[in-house]
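So the chains spell out like this:
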Amino acid sequence: MIYEDYAIFTPGPVKMSEEILQVGAKQTPYFRNSDFSTVTFACENGLLDMVNAPEGSKVIFLTASGTAGMESAVMNLLNKNDYALVVNGGGFGSRFVDICAAHAIPHNNFKVTKTNLSDIKSLAPNETYTALVVNAHETSIGHIYSLDAIGEYAAKNDMLYIVDAISMLVTDPLDMQKSNIDVVIASSQKGLALPPGLTMVILTPKALERLQDINSLYFNFKDYLSNGERGQTPYTPAVTIMLQLEARLNQIKKRGGITKSIAKAKEVANYFRKSIKALPLKEYTPYMPNAMTTLTPTDGKSAIDIVNVLEKKYKVMVCPNGGAERDSVFRISHMGEMTTEYTDILINALHDYYGVARP
Ligand SMILES: *Cc1c(COP(=O)(O)O)cnc(C)c1O
């Protein structure tokens, strides 16, 4: 159960760097003081910079998993007078649909397959919407959408553009200004490569203007914003993970900035895809992010068996799919502290499993 000596290719939690692990090994400090406010401000400014948020944008820090970021964004920004177009290309899109239903937000369950929505203008049901909600990378199948095309469509139709970027930040490009994004949801345990427990909602001035009074104490963004003015949160934050986030943002900078990190993820993903060409495995979608490769066996082998053998025999953790896709699909994350050398462990294990010599 404790995977210390395993090679990790799961899409969250992902492999963390030694430097970030060290920060997590220290005593958690008291946080209601100016020292910790400095940490919060560093995290906020670092994140805003990383996603190129417009001037005046703010970050809400929640001690919760990513779904709380999704739900609280919907709760604070949408109401019964809205009509949201919710992109549903898999498990996470359908979670946004469930969230809208739970909060009685009128929505269109826009089911999509086999498109990255670069043609959203012609694909979207022709109605008048107030908001567009999408998971930039639909992690359940490893499929990434065109944030630019969707943003252009959202801006043209005056829709609030809410993007769950949890599983593509740091590995794939996201530019709030360039793509007209109003809200970005981030979470610690995926591309940011931190432990789970910290979720962030980034709000532009346009989104800040739309914040409403809501029936919730813990998820009331206005409360977070007023505390945020002095670098604090209304309730105890995930103090250690915030210290790790500050260190991680510095690490990304030291390594040459966000474009370097994205380029590295792309290099690793391409290396992996190229290195398994001789194996009876097919890429599930043509719209793969750098964050992940999703594979389907083409020789009748069961995906879940491959996942289990990789774990038991080779000590390599990849991610199975559930339900109907249990036997046909499995996923390999390239998020976190990845190198081509580390990825060789998985590539070699797959070749050994199939009894195919690595070319
Ligand atoms: C992992 C993930 C989430 C959040 O899941 P939690 O288990 O609540 O942290 C949300 N959206 C996407 C696209 C994800 O990959």
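All of these numbers come straight from a predicted model, not from anything done at the bench.

**As for the overall build of the protein chain**
Inference 1: Check the secondary structure of the protein chain and you find 12 helices and 15 strands.
Inference 2: For 359 residues, the compact-globule estimate of 2.2 N^0.38 gives 21 Å, and the C-alpha radius of gyration of the protein chain, at 20 Å, lies within 12% of that figure.
Inference 3: Dimensions along the principal axes, computed over C-alpha positions, put the protein chain at roughly 60 × 55 × 35 Å.
Inference 4: Relative to its full complement of 359 residues, the protein chain shows a buried share of 58%.

**Considerations on the domain arrangement of the protein chain**
Often, the extent of an interface is quoted as the loss of accessible area on bringing the components together.
Inference 1: Domains assigned within the protein chain are domain 1 (7–14 + 258–354) and domain 2 (18–254).
Inference 2: Averaged C-alpha coordinates put domain 1 and domain 2 at centres separated by 26 Å.
Inference 3: Each partner contributes residues to the interface: domain 1 has 23 residues there, and domain 2 has 22 residues.
Inference 4: Buried area between domain 1 and domain 2, summed over both chains or domains, comes out near 1,900 Å², and the portion from carbon and sulfur atoms is 63%.
Inference 5: Three residues stand out in domain 1 for area buried against domain 2, namely Ile258, Tyr287 and Met335, and they jointly supply 30% of the buried area on that side.
Inference 6: The tally of links between domain 1 and domain 2 comes to 0 salt bridges.
Inference 7: At the junction of domain 1 and domain 2, the tally comes to 8 residue pairs in polar contact (both at pLDDT 80 or more).
Inference 8: Looking at the side of domain 1 that touches domain 2, the elements that each hand over two or more residues are helix H10 (258–275) and strand E12 (292–297).
Inference 9: For the side of domain 1 that touches domain 2, the leading source of residues is H10, giving 4 residues.

**Overview of the nonpolar core**
Inference 1: If you look at the biggest cluster of nonpolar residues, it comprises 56 residues, and the most contacted ones within it are Leu132, Leu174 and Leu245.
Inference 2: It is helix H9 (residues 239–254) that provides the largest number of residues to this core, a total of 7 residues.
Inference 3: Dropping the residues within four chain positions of it, Leu245 is found in contact with Cys43, Leu47, Phe61, Leu192, Leu194, Leu198 and Met200.
Inference 4: Residues Ile60, Ala73, Leu78 and Val97 belong to the second largest nonpolar core, which totals 30 residues.

**Re the sheet that holds strand E10 (residues 198–203)**
Sheets are built from strands paired through backbone hydrogen bonds, the pairs being either parallel or antiparallel.
Inference 1: An order of E2-E10-E9-E8-E5-E3-E4 is seen for the 7 strands of this open sheet, with the pairing classed as mixed. Pairing within the sheet leaves two strands with one partner each, and these edge strands are strand E2 (58–63) and strand E4 (107–111). Ignoring which end each strand starts from, the neighbouring axes of this sheet average 15 degrees apart.
Inference 2: Two strands pair when backbone bridges link them, and strand E9 (residues 183–187) and E10 are joined in this way by 5 bridges, in the antiparallel orientation. In the sheet register, Val183 faces E10, and the bridge partner there is Leu203.
Inference 3: Strands in contact with helix H8 (residues 221–228) are E2 and E10; relative to E2, the strand with the most contacts, it is inclined by about 110 degrees.
Inference 4: Across the sheet, H9 touches E2 and E10, and the angle it forms with E10 is around 60 degrees.

**Topic: the site of the ligand**
Inference 1: Residues in close proximity to the ligand total 13 residues, the closest being Ser65, Thr67, Thr139, Asp164 and Lys190.
Inference 2: Contacts to the ligand include Ser65, whose side-chain N or O atom sits 2.5 Å from an oxygen atom.
Inference 3: Within the contact set of the ligand, an oxygen atom lies 2.5 Å away from a side-chain nitrogen or oxygen of Thr139.
Inference 4: Within the complex, the protein chains bury 87% of what would otherwise be the 390 Å² of accessible surface of the ligand.

**Considering the sheet that holds E12**
Inference 1: On the basis of which strands lie adjacent, the open sheet formed by 4 strands has the order E11-E12-E15-E14 and antiparallel pairing. The sheet is open, and its two borders are formed by strand E11 (281–283) and strand E14 (319–320), each paired with just one other strand.
Inference 2: Sheet topology note: the E14/strand E15 (residues 330–333) ladder contains 2 bridges and is antiparallel. The residue of E15 that forms the bridge with Cys319 is Arg331.

**Details of the packing of helix H3 (residues 66–77) against helix H4 (residues 91–102)**
Inference 1: Close contact between H3 and H4 brings their axes to 10 Å; oriented N to C, the two are set at 40 degrees. It follows that H3 is oblique to H4 by the angle criterion. Helix-helix and strand crossings are classified by hand; for H3 and H4 the assignment is right-handed. Facing H3, whose interface residues are Thr67, Met70, Glu71 and Val74, H4 presents Phe92, Arg95, Phe96, Ile99 and Cys100.

**Focus: the packing of H10 against helix H12 (residues 340–354)**
Inference 1: Put simply, H10 and H12 touch, their axes get as near as 10 Å, and they point 20 degrees apart. On the basis of the axis angle, H10 is roughly parallel to H12. Note on packing geometry: the crossing formed by H10 with H12 is right-handed. Along the contact surface, H10 presents Glu267, Val268, Tyr271, Phe272 and Ser275, while H12 presents Thr340, Thr343, Asp344, Leu346, Ile347, Leu350 and His351.
Inference 2: Classifying every residue of the contact of H10 with H12 by side-chain character gives 6 nonpolar, 4 polar and 2 charged.

Rules behind the numbers
- Residues numbered from 1 in each chain as written.
- Predicted model: local features only at pLDDT ≥ 70, side-chain atom pairs only at ≥ 80, totals over all residues.
- Heavy atoms only, no water.
- Helix = DSSP H or I, 4+ residues; strand = E, 2+ residues; numbered from the N terminus.
- Rg over C-alpha atoms; globule rule 2.2 N^0.38 Å.
- Buried < 20%, exposed > 50% of the residue type's maximum accessible area, 1.4 Å probe, protein only.
- Domains from an automatic or database assignment.
- Contact = heavy atoms within 4.5 Å.
- Buried area = accessible area lost by both parts, 1.4 Å probe.
- Salt bridge = Lys/Arg side-chain N within 4 Å of Asp/Glu carboxyl O.
- Polar contact = N/O pair within 3.5 Å; in protein donor to acceptor, adjacent residues only side chain to side chain.
- Core = buried A, V, L, I, M, F, W, Y, C linked by side-chain atoms within 4.5 Å.
- Pairing = 2+ DSSP bridges.
- Axes fitted to C-alpha atoms, helices over the stretch in contact; angles between N-to-C directions.
- Near = heavy atom within 4 Å.
- Areas by Shrake-Rupley, 256 points an atom, 1.4 Å probe, with all protein chains shown as cover.
- Parallel < 35°, antiparallel > 145°, perpendicular 65-115°, else oblique.
- Left-handed = near helix turned anticlockwise from the far one by under 90°.
- Nonpolar A, V, L, I, M, F, W, Y, C, P; charged D, E, K, R; others polar.

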